[in-house]
Every structure is written in structure tokens, then in C-alpha cells.
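Residue-level listing of the chains:
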Amino acid sequence: MKSDPRTHVPLQGYVERAPHEQLGRAEALHRHLSTRRSVRDFAPTPVDRAVIEACVAAAGTAPSGANHQPWFFACVGSPEKKREIRLAAEAEERAFYSGKAGEEWLDALAPIGTDAQKPYMETAPWLICIFAQRRGGAEVGDNRKNYYIHESVGIATGLLIAACHEAGLATLVHTPNPMSFLNRLCDRPDTEKPYLILAVGHPAEGAKVPKHALKKKALGDICSFS
Ligand code: IYR
């Protein structure tokens, strides 16, 4: 690894934690994250644009291939645009639920209880439409090849979900397939591929969530140490 003073600066902002603090902090974050649930019943309660901006800014800190930051977050709050997105998404979902999905997939979804109706896409105050950029670069306006696009956008999306949760906002990942209608509705170029839609807002009073997703795999089943 080359460390050239013309291209490298000392690490800044890193906060070291004493060994006795590390476990407590990691456990506290786990406890906090484990209260996050995918919510499908949203309240119409508005959320300030500044909060969404701060969450997107947090997402934009994600590591990415060659630091090209191959993501774009089209934040839709206009009722008319949310309606257009809902109608286009529901058209795809109707095809999905009436056969395109196949039996095995529909079986897997049965405990969650989803169907083609997506009213939350209008009720939630924000739909963050996330796009993956095939070309770009570290500077705005660059037109270079991007690398590890899905990995990078996935990590950024994870940070976005965590930031929303930290701000007390519920989220739902929504992935109609295909989603190319989003390019048109969000005015994004064909070089960008819609990645997913994140509905963001407050849960409705009395919102219900599937029992199914309460159960997370045990630590011993998701990791090994050697
Ligand atoms: N996109 C559809 C189907 C769906 C697929 C999976 I995998 C889920 O975990 C949930 C739903 C829908 O939103 O209904």
C-alpha cells in the first residue's frame, strides 16, 4: 500500500473504544437494530425533508468500489408522483402474484401475507427510489465504469435503513419486478438501474407485522470462527 502525502492524509474522526466498552456498544447497537421491523401499515404523518436528507447523507458515507459512489436516491414525497409509482408497481405485482412468481416463491411469501395491493406506497410520506449507476466515477459528471455496483448500493441501502431506524422512522423495502418504470417516473437516465424502493414514515397506530419475521437465526447458525 502506497502512502503518498500528495494523495493520503492522516485518519481523522476515528474514535477508539477501550476493550471494556467494545462489547457493550456492539450489544447496544444489536439491541437497537433488533427492534427494526419491516412495516407495511404506515401513518400519513409527515416527515421533514431535512430528516430524509440526513438519512440519505448517512447512506452516502458507505464504502463503494473505487469510491465511485454508484448510487442515486430519488426521494419522492409528492402525492401525485407516489400515486403514479404505486399504480405502476401494482401492475407489476398483479402479474407477479397471479402466476409469474411461481408456486415456490408464493409459498415462501405466504407467512408474510403480502399481495398485489400496495396502499402504503401512497400513505408513507416518502418513497426513496434507489438507483444503481452503471457508469459514473468519484466526481459528479464522470463517465467511467463503476465497480461492485450491487455490493456498494446494497451497503448504502443498509446504512439508509439503519439511519431511518435511528431517526425513529419505519421502512419497507419494496422491489416490484421489473422496475424500469421508475426511470421514467423519477427522471433518471437509462444508465441507472432501479435497485429498490424504500417506503419511509411512521407506522400506523396498531400496525401489524408478520410473526414469521420475528425469528432471526441463532448466531451459531449465521457465523463461524476459526
Ligand atoms: N415484490 C413483491 C413480492 C415480495 C417478494 C419478497 I422475496 C418479499 O420478501 C416480499 C414481497 C411484493 O412486494 O409484494
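Residues numbered from 1 in each chain as written. Predicted model: local features only at pLDDT ≥ 70, side-chain atom pairs only at ≥ 80, totals over all residues. Heavy atoms only, no water.

All right, on to the overall build of the chain then. Of the regular secondary structure elements, the chain holds 8 helices and 7 strands. Expressed along its principal axes, the backbone C-alpha trace of the chain runs to roughly 60 × 45 × 40 Å. Counting only residues that meet the buried cut, the chain has 35% of its 226 residues in that class. (Helix = DSSP H or I, 4+ residues; strand = E, 2+ residues; numbered from the N terminus. Buried < 20%, exposed > 50% of the residue type's maximum accessible area, 1.4 Å probe, protein only.)

The final tally for this structure, using the stated rule, is 0 disulfides. This cysteine, Cys129, is not joined by any disulfide, and Cys186 carries the nearest cysteine sulfur, 3.9 Å off. The buried category is assigned to Cys129, whose relative accessible area is 0%. (Disulfide = S-S within 2.5 Å.)

Before going further, it helps to spend a moment on the pattern of salt bridges. On inspection of all chains with the given rule, the structure shows 6 salt bridges. Arg6 is paired through a salt bridge with Asp4; the nearest N and O atoms lie 2.8 Å apart. Judged by relative accessible area, Asp4 falls into the partly exposed class, the value being 24%. A salt bridge links Arg49 to Glu53; the shortest N-O distance between them is 2.8 Å. With Arg49 and Glu53 both in helix 2 (residues 49-59) and 4 residues apart, the pair spans about one turn of that helix. Ionic contacts of the salt-bridge type, sharing partners, join the residues Arg83, Arg86, Glu90 and Glu122 into one network. (Salt bridge = Lys/Arg side-chain N within 4 Å of Asp/Glu carboxyl O.)

Following the sequence through the fold, His165 ends up in helix 6 (residues 149-166). In terms of polar contacts, His165 uses its side chain to reach the backbone carbonyl oxygen of His32, at 2.7 Å. Beyond its immediate chain neighbours, meaning those up to four positions away, His165 contacts His32, Leu33, Thr35 and Arg36. (Polar contact = N/O pair within 3.5 Å; in protein donor to acceptor, adjacent residues only side chain to side chain. Contact = heavy atoms within 4.5 Å.)

One water molecule sets the probe size; rolling that probe over the atoms shows where empty space is left. Here the largest pocket defines a volume of roughly 530 Å³. Around the largest pocket, the lining is made up of 18 residues, and of these Ser34, Arg36, Ala213, Leu214 and Lys216 lie nearest the centre. The set of elements that each furnish at least two residues to the lining of the largest pocket consists of helix 1 (19-33), strand 6 (170-174) and helix 8 (219-222). Taken together, the residues of the lining of the largest pocket break down into 10 nonpolar, 3 polar and 5 charged. (1 Å grid on protein atoms, 1.4 Å probe; cavity = no way out; pocket = protein on both sides within 12 Å on 5 of 7 lines; lining within 4 Å. Points joined across faces, edges and corners; volume = space filled by probe spheres on them. Nonpolar A, V, L, I, M, F, W, Y, C, P; charged D, E, K, R; others polar.)

Here the focus is the environment of Val173. With respect to the helices, strands and loops of the structure, Val173 is situated in strand 6. Setting aside its immediate chain neighbours within four residues, Val173 contacts Ile161, Leu196, Ile197 and Leu198.

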